[in-house]
Number of protein chains: 2
Amino acid sequence: MNLAAQFETWLPRIETEMIDVVETCFSPMPAELRTMLLYHLGFADAQGAPARISAGKRIRPMLVLLGCQAAGGDPMHALPAAAAVELMHNFSLIHDDIEDGDELRRGRPTLWKVWGIAQAINSGDAMFAMSHLALLRCSLRGVDPVRVVRAMGVFGRTNVHLTAGQHLDIGFETRSDVSGAEYGIMIEGKTAALIRASLEIGAILGGGNDAQIAALGEFGRCLGLSFQLQDDVLGIWGDPQQTGKAGSDLIHRKKTLPTIFAAEQDPIVRDEYMRALSVSEADAAILRERITIAGGRAHTEAAAEAAYRNGQNALNAAGSSPAVALLEELARSLLGRST
Amino acid sequence: MNLAAQFETWLPRIETEMIDVVETCFSPMPAELRTMLLYHLGFADAQGAPARISAGKRIRPMLVLLGCQAAGGDPMHALPAAAAVELMHNFSLIHDDIEDGDELRRGRPTLWKVWGIAQAINSGDAMFAMSHLALLRCSLRGVDPVRVVRAMGVFGRTNVHLTAGQHLDIGFETRSDVSGAEYGIMIEGKTAALIRASLEIGAILGGGNDAQIAALGEFGRCLGLSFQLQDDVLGIWGDPQQTGKAGSDLIHRKKTLPTIFAAEQDPIVRDEYMRALSVSEADAAILRERITIAGGRAHTEAAAEAAYRNGQNALNAAGSSPAVALLEELARSLLGRST
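Residues numbered from 1 in each chain as written. Chains lettered and ligands numbered in written order. Predicted model: local features only at pLDDT ≥ 70, side-chain atom pairs only at ≥ 80, totals over all residues.

## Quick notes on the overall build of chain A
Here is step 1: Across its full length, chain A carries 15 helices and two strands.
Here is step 2: Computed over its C-alpha atoms, the radius of gyration of chain A comes to 20 Å, within 12% of the 20 Å expected for a compact globule of 339 residues.
Here is step 3: Looking at chain A as a whole, 55% of its 339 residues are labelled buried.
Here is step 4: Within chain A, contacts between residues at least 6 apart in sequence are counted, and of these 71% link residues at least 24 apart. (Helix = DSSP H or I, 4+ residues; strand = E, 2+ residues; numbered from the N terminus. Rg over C-alpha atoms; globule rule 2.2 N^0.38 Å. Buried ≥ 20, exposed ≤ 12 C-beta atoms within 10 Å, placed from the backbone. Contact = placed C-beta atoms within 7 Å.)

Listed below in structure tokens is the structure:
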């Protein structure tokens, strides 16, 4: 089965599992809270009527299932965990949108914009709680409780790691002296940790041994890092039409690795951009040039490439199987690369 | 061992376990995030220096340990779960303070007041994640993984129940037509669920059978309800000096059972108070009289008494043992009653 066929087969099952968790894990669920959760996940409109809104690529749950298969397991055993990581990811987006003040997500008003901050915080907490219940459903599919407990441990530590990354990211907004090293620690938590955990949890539930679990986890971590670093490059030099972003990261004053690296080399980038209150289109064009000259782009591209290679090496250590080949294909497709 | 001796023996162990979870569950923890968590728990000041600030009665973790003993278990096996429910309770307070806009908790500025809303939401999420890791530590103390998974299930469903209760409570603020039945559903989630879960989880980890687990859980649920209903009476008729509240619930326009019941009987309470934008001290005195006359106090006291009696009956079904006697003593002490 190729990658497209895998998605076609498994995405409906993953989404059915997610909806089943939301609909059945607690009763009676207040109707409005149910609507909020299904709206955010793309399964309902703001009145609670069924809808199918494109709600992300569902990469993480697919990585759980492929990780399970790569470790020699039956992906049906890991299906609840696939739903769990996707619910977890979506919970974090609910709270991120409040923390960042973002009013739109995938073209629709964010939860806090529709229902207010108090209800949105609380609905995020509900989804966070449900993600744990989703993972526990592996027990119902015959997974050894020892492995369920181990997977819950990875899940829990990852969730703390995510909040550590988010803590740093929020702090960066008001700082002009963020270092490249600090940035690396932030994206390890905010981006790489859950992708790593998706593969580790899949491998644990698939019956993998410690070496397989570690190799697949390291592949996931590297995939997360290379994806984030490539996204940082696209955020400055990409075509907004293609990236789907509402404007350059420079205009939004986002501190990503190209800028942080350039600020370490070029005092003008450091003193003017990192402390700027606003950046015009014209400023952004000049700044983009300065960052390129200071090596911010080349440095970030090299870091993304190194992470990708490390990921490939880790994946090779996980053995060779159709699932491993699919993971390699998924990584290439996600990063838009042919080799 | 009497109740005071139990608290004296176990409170330091519970707090050591809580601190150990926060300090060791993830590394490297950003220093400021660590400070926020320890500050909220009463173990540090806002600069992160060690402190011992009175941070609640720690009733819930004590109920976990007594539930474990009442089911015939060794409380050391349930110590991680005791830390888990207290971390869970404290996580919910972090988010409640943001949702309610409360600026003070136990005489100190709330987390969001010191560090801002974005960081406070995120630190609550960190504590929520940690509460799950705390519970998983039961595995390290030799509890059968099947029982750990079962306890995690109760914990997860309870956490969803809490958010369902909180969702209703937030919604009540802007509604003038809340019914007594709706209020009952709200406090089942917001107050009773975690107290019930504390006893259930303790009983599960203590090796209890299904009947013991159910009986102890029902005792906890009834204890939570009777405590809340009694608190509702004190919030209107209690002496602010004794209750430690900054003013009557009436002045804060809190909709608790006495008022909701009275509004169902008396159109003036319904039309004037439930829709009032502010309530003066003089208004409150008049209103208090009207609520008494409409039967709001008597109704709430009767409901609290009924819940207490149901709880006692449930506890009797859990058998007789020193731990059961201590639970009975704890309930009486919490409710300030002699029989």
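## Focus on the packing of helix 9 (residues 210-237) of chain A against helix 14 (residues 296-317) of chain A
All names here are of chain A.
Here is step 1: Remark: helix 9 packs on helix 14, axes separated minimally by 8 Å, with the N-to-C direction vectors making an angle of 160 degrees. Between helix 9 and helix 14, the interaxial angle falls into the category roughly antiparallel. Helix 9 and helix 14 meet at a crossing whose hand is left-handed. Residues A215, E218, F219, C222, L223, L225, S226, L229, Q230, D232, V233 and W237 of helix 9 form the contact with helix 14, whose own contacting residues are R297, T300, E301, A303, A304, A307, Y308, N310, G311, A314, L315 and A317.
Here is step 2: The residue makeup of the contact of helix 9 with helix 14, split by class, is 15 nonpolar, five polar and four charged. (Axes fitted to C-alpha atoms, helices over the stretch in contact; angles between N-to-C directions. Parallel < 35°, antiparallel > 145°, perpendicular 65-115°, else oblique. Left-handed = near helix turned anticlockwise from the far one by under 90°. Nonpolar A, V, L, I, M, F, W, Y, C, P; charged D, E, K, R; others polar.)

## With respect to unusual backbone geometry
Here is step 1: For the bond from S27 of chain A to P28 of chain A, the omega torsion is 0 degrees, close enough to zero to count as cis.
Here is step 2: With respect to the element layout, P28 of chain A can be found in the loop between helix 1 (3-24) and helix 2 (31-41).
Here is step 3: A positive phi is found at R106 of chain A, a non-glycine position, where the angle reads about 50 degrees.
Here is step 4: Here R106 of chain A is to be found in the loop between strand 1 (104-105) and strand 2 (108-109).
Here is step 5: The backbone of R253 of chain B sits at a positive phi, close to 55 degrees, despite the residue not being glycine.
Here is step 6: Considering the arrangement of structural elements, one finds R253 of chain B in the loop between helix 10 (240-243) and helix 11 (257-265).

## Structural notes on the relation of the copies chain B and chain A
Here is step 1: The two copies are related by a screw operation: chain B maps onto chain A through 180 degrees of rotation and 0.0 Å of translation along the axis, at an RMSD of 0.0 Å. Between the two chains, the operation in question is that of a two-fold axis. Residues of chain B ranked by C-alpha distance from the rotation axis are headed by P145 of chain B, positioned 2.9 Å from it.
Here is step 2: The overlap is high: 100% of the interface residues of chain B also sit at the interface in chain A, so the same surface is used on both sides. (Least-squares fit on C-alpha atoms with pLDDT ≥ 70 in both.)

## Points about helix 1 of chain A
All names here are of chain A.
Here is step 1: Helix length check: helix 1, at 22 residues, gives a terminal C-alpha distance of 31 Å against a target of 32 Å (1.5 Å per residue), a fit within 8%.
Here is step 2: At W10, helix 1 shows its largest bend, some 30 degrees, and a proline, P12, comes one to four positions later.
Here is step 3: Those residues of helix 1 that sit buried are Q6, W10, I14, E15, E17, M18, V21 and V22.
Here is step 4: At its buried positions, helix 1 is contacted by helix 2, helix 3 (59-70), helix 4 (75-100), helix 6 (117-136) and helix 15 (322-335). (Expected span 1.5 Å × (residues − 1). Bend = angle between axes of the 7 residues up to and from the residue.)

## A few points about the interface of chain B and chain A
Here is step 1: Taken together, the contact between chain B and chain A spans 39 residues of the former and 39 residues of the latter.
Here is step 2: Going through the elements one at a time, helix 2 (31-41), helix 4 (75-100), helix 6 (117-136) and helix 7 (145-172) of chain B are the ones with two or more residues in the side of chain B that touches chain A.
Here is step 3: Counting residues per element, the side of chain B that touches chain A draws most heavily on helix 7 of chain B, at 17 residues.
Here is step 4: Of the residues belonging to the side of chain B that touches chain A, the class tally is 23 nonpolar, 12 polar and four charged.

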